[in-house]
Amino acid sequence: DACGKELFEIKEFQLSEGDLSDDDFGHGSDKCNWKTFATTDPRSGEVITMVAEGEKDDVDLAVKAAREAFDHGQWPRMSGFQRGQIMIKFADLIDQHIEELATLDSLEVGKLFSHNKLADIPSATRMLRYFAGAADKIHGETLKMGGPFHGYTLKEPIGVVGHIIPWNFPTVMFFFKVSPALAAGCAMVVKPAEQSSLSALYYAFLAKQAGIPDGVLNVVTGFGPTAGAAIASHMDINQVSFTGSTEVGRLIMEAAARSNLKPVSLELGGKSPLIIFDDADINMAGEVCVAASRIYVQEGIYDDFMKKAVETVGDWIVGDPFDPHVHQGPQVDKEQFEKVLRYIEHGKREGATIVAGGKPCGENGYYIEPTIFVDVKEDMVIAKEEIFGPVMSLMKTMEEAIEKANNTRYGLAAGVVTKNLDIANRMARSIHAGSIWINCYFAFDSDCPFGGFKMSGFGKDLGMHSIEKYLQVKSVVTRLHDSPW
Ligand code: ADP
């Protein structure tokens, strides 16, 4: 790490000959002429490696491979049980390569190595196993129709699907999308964010080793307006799942409508409130607040909570994401780093007061101190826009917590900290958001659907709901002769 400590050993990892063939690279023998772009290490801004810059032609090749796999291949035709077995093998292989995968996400986006290894990647393999178990439980229903008819429904995989994902949780987002789509029997083209290509490529490599047939899981690395847009507007893609900004979500939906009217599911931005009531356990409030960006605190507990929050972030160590003592790594890249600092400046200009942090730190790299603003007003930019950085805004509130929580165009999630069951349940019913966390924040599991209301999008990831978007329902009706029905 930066201080010269030896923290862990990076295993040498080499593909051996025969692991991949030219066919695994859409361009075959042209592969040396690929256009590439640099992916950088946010600890230093240095280039890690060059990544293939996929464009429309590459998306076309990937879709062609996916179409072939879906229209003529084994994957949608084998039993759900068999698909599930292969998905479990995929999860087992990820477990075996967890160090390399955790390293890639830390190197490329600055996420804490320990979090990757202990939380993000295990939650991803859990998703694979959860949906593997669901693969043989997808079935239609029988219908007692009026008249001399026998009806039933079939649930069929929707076809070739496109997944466009962001950099904030490279591994988790990949499996949010890929796991239910695999279980449903779809073939897919995944475009990771340009800031986080490496683990996605490694997952594609492991998928092949697990026995997922060629063409079922394709990864095209590249930029949004080229590779991403080609997926959204592709005539041979049957559904697109997107996680990212509200602005780009709108473009995806427009492109889908203009091309082949493919259904889309959008998991978009959020400005999720956390509401801390007077009776909250102050330690719990301090614990959950670190993940929140817009915090409403009831007047009676405001001063104590502010002290606790400042203390909590004061103990934070910002630094190398590979160091196990570090609480917060760097921002993903220069652009994001500058954007967060601009928001901090904006907050100051608008009259909010900084009580912790507020500056970049470290000599190199994209590190920013955890920052707490107080005296924040509802209409300030820092209270309204998604910042995607270590910046929280504290606001004092009296009785109007529900209106304030709902005073946003977003509706991704919300948190409530209170010991009062009545308040907790009332808030859960009244807040317009897809997830409500009571005395916790940012709690996920494979069976808990996640996805927003309002301009945070529609369509759920995780849970059995999420398989539905990769399926379509077909009604089959047979006329019965001489039936007494
Ligand atoms: P963030 O603000 O989290 O970076 P974006 O919405 O910009 O979110 O990016 C999320 C994903 O959408 C990334 O994979 C990005 O490359 C892709 N993307 C960006 N612009 C477009 C676009 N015009 N069409 C399709 N995908 C896009």
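Residues numbered from 1 in each chain as written. Predicted model: local features only at pLDDT ≥ 70, side-chain atom pairs only at ≥ 80, totals over all residues.

**Student:** Describe the overall build of the protein, with residues and values.
**Tutor:** When helices and strands are tallied, the protein shows 15 helices and 22 strands. The C-alpha atoms of the protein give 24 Å as radius of gyration, which agrees with the globular expectation for 485 residues (23 Å, within 12%). Across its three principal directions, the C-alpha atoms of the protein cover 75 × 65 × 40 Å. A buried classification covers 46% of the 485 residues belonging to the protein. (Helix = DSSP H or I, 4+ residues; strand = E, 2+ residues; numbered from the N terminus. Rg over C-alpha atoms; globule rule 2.2 N^0.38 Å. Buried ≥ 20, exposed ≤ 12 C-beta atoms within 10 Å, placed from the backbone.)

**Student:** Residues and numbers for the environment of T49, please.
**Tutor:** Following the sequence through the fold, T49 ends up in strand β2 (residues 46–52). For the pair T49 and D447, spaced 398 residues apart in the sequence, the C-alpha separation amounts to 36 Å.

**Student:** Explain the confidence of the model for the protein to me, using residue names and the numbers behind them.
**Tutor:** On average, residues of the protein carry a pLDDT of 92, and 92% of them reach 70 or more. Counting interchain partners and residues more than four positions distant, the pLDDT-below-50 stretch residues 1–11 has twelve contacts. (pLDDT = per-residue confidence, 0-100. Contact = placed C-beta atoms within 7 Å.)

**Student:** So, the pairing of strand β9 (residues 264–267): which residues are in play, and what are the values?
**Tutor:** Of the two faces of β9, the one holding V264 and L266 and the one holding S265 and E267 are both buried throughout. Alignment of strand β8 (residues 239–243) against β9, held across four bridges, turns out to be parallel. If you follow T243 over to β9, its bridge partner there is E267. Crossover β8 to β9 through helix α8 (residues 246–258) is right-handed. Sheet topology places β9 next to strand β21 (residues 457–458); two bridges connect them, and they run antiparallel. Looking across to β21, one finds that E267 is bridged to G457. (Pairing = 2+ DSSP bridges. Right-handed = clockwise from strand over helix to strand, strands pointing away.)

**Student:** Requested: an account of helix α11 (residues 334–349), with residues and values cited.
**Tutor:** Side chains three or four residues apart in an α-helix point the same way, a direct result of the helix having 3.6 residues per turn. The terminal C-alpha atoms of α11, which comprises 16 residues, lie 22 Å apart, in line with the 22 Å expected from a rise of 1.5 Å per residue. Contact partners of the buried residues in α11: β14 (367–368), β15 (371–374), α12 (381–384) and β16 (391–397). Where α11 ends, the next residue or the one after it, G351, has phi of about 105°, a positive value. (Expected span 1.5 Å × (residues − 1).)

**Student:** Give a description of the nonpolar core that names residues and reports values.
**Tutor:** Membership of the largest hydrophobic core comes to 84 residues, with the highest contact counts inside it found for A66, M87, F131, C186, M188 and V240. Counting residues per element, this core draws most heavily on helix α5 (residues 170–184), at ten residues. Residue contacts for A66: discarding those within four places in its chain leaves V160, A187, M188, V189, G215 and N218. Ranked by size, the runner-up nonpolar core spans 46 residues in total, among them F277, A309, M392 and V416. (Core = buried A, V, L, I, M, F, W, Y, C linked by C-beta atoms within 7 Å.)

**Student:** So what's going on with the site of the ligand? Which residues, and what values?
**Tutor:** Close to the ligand lie 17 residues, the nearest being G224, G228, G244, S245 and V248. Secondary-structure elements contributing two or more residues to the shell around the ligand are α7 (224–232) and α8. Here the element with the most residues in the shell around the ligand is α7; it accounts for five residues. Here the shell around the ligand is composed, by residue class, of eleven nonpolar, four polar and two charged. (Near = placed C-beta within 6 Å. Nonpolar A, V, L, I, M, F, W, Y, C, P; charged D, E, K, R; others polar.)

**Student:** An account of the sheet that holds β9 is needed here, citing residue identities and associated values.
**Tutor:** In a beta sheet, neighbouring strands are held together by backbone hydrogen bonds and run either parallel or antiparallel to one another. Taken together, the six strands give an open sheet; going across it, the order is β7-β6-β5-β8-β9-β21, and neighbouring strands pair in mixed fashion. Every interior strand has two partners, whereas the edge strands, β7 (217–219) and β21, have only one. Inspection of the sheet shows strand β6 (residues 187–191) paired to β7 by three bridges, in the parallel sense. Within the sheet, the bridge partner assigned to M188 lies in β7 and is L217. On the sheet, helix α6 (residues 198–210) packs against β6 and β7 and is oriented at approximately 155° with respect to β7. (Axes fitted to C-alpha atoms, helices over the stretch in contact; angles between N-to-C directions.)

**Student:** Explain the UniProt feature "active site" (unreviewed entry) in the protein to me, using residue names and the numbers behind them.
**Tutor:** When the UniProt feature table is mapped onto this chain numbering, "active site" (unreviewed entry) sits at E267. Looking at the secondary structure, you find E267 in strand β9. Non-local contacts of E267, meaning those with residues more than four positions away in its chain, are made with T243, G451, G452, G457 and D461. (UniProt positions renumbered as here; feature names shortened; annotations may be inferred.)

**Student:** Explain the packing of helix α3 (residues 98–109) against α6 to me, and be specific about the residues and the numbers.
**Tutor:** With their axes 8 Å apart at the nearest point, α3 and α6 run at an angle of 155° to one another. By the angle between their axes, α3 is roughly antiparallel relative to α6. Across the interface between the two elements, E100, L101, L104, D105 and E108 from α3 touch L198, S199 and Y202 from α6. Split by residue class, the contact of α3 with α6 holds four nonpolar, one polar and three charged. (Parallel < 35°, antiparallel > 145°, perpendicular 65-115°, else oblique.)

**Student:** Lay out the packing of α3 against helix α4 (residues 113–134) in plain terms, naming residues and giving numbers.
**Tutor:** Two elements in contact, α3 and α4, have axes whose closest approach is 8 Å; the angle formed by their N-to-C orientations is 120°. Classified by the angle their axes make, α3 and α4 are oblique. Pair α3 / α4 crosses with right-handed handedness. Of the residues in α4, those in contact with I98, L101, A102, T103, D105 and S106 of α3 are F113, N116, K117 and I121. Grouping the amino acids of the contact of α3 with α4 by side-chain chemistry returns five nonpolar, three polar and two charged. (Left-handed = near helix turned anticlockwise from the far one by under 90°.)

**Student:** Tell me about the sheet that holds strand β18 (residues 413–417), and name the residues and values.
**Tutor:** Taken in spatial order, the seven strands line up as β12-β15-β16-β11-β10-β18-β19 in an open sheet, and their pairing is mixed. The strands lining the two open edges of the sheet, one partner per strand, are β12 (353–356) and β19 (435–438). Across the sheet, the mean angle from the axis of one strand to that of its neighbour is 25°, orientation sign disregarded. Strands in contact with helix α14 (residues 421–430) are β10 (273–276), β18 and β19; relative to β19, the strand with the most contacts, it is inclined by about 170°.

**Student:** Tell me about helix α9 (residues 282–289), and please be specific about residues and values.
**Tutor:** Looking at α9, one finds that the buried residues are A285, G286, V288 and C289. Here the buried face of α9 lies against β10, β11 (294–298), α10 (299–314), β16 and β18.

**Student:** Give me the lowdown on the pairing of β6, citing residues and values where you can.
**Tutor:** Of all the five residues making up β6, five are buried; the element is thus mostly covered by neighbouring parts of the structure. The pairing of strand β5 (residues 160–164) with β6 spans five bridges and is parallel. Looking at the pairing, I164 lines up with K191 of β6. On the question of chirality, the crossover connecting β5 to the parallel β6 by way of α5 is right-handed. The β-α-β motif built from β6, the intervening α6 and the parallel element β7 has right-handed crossover chirality.

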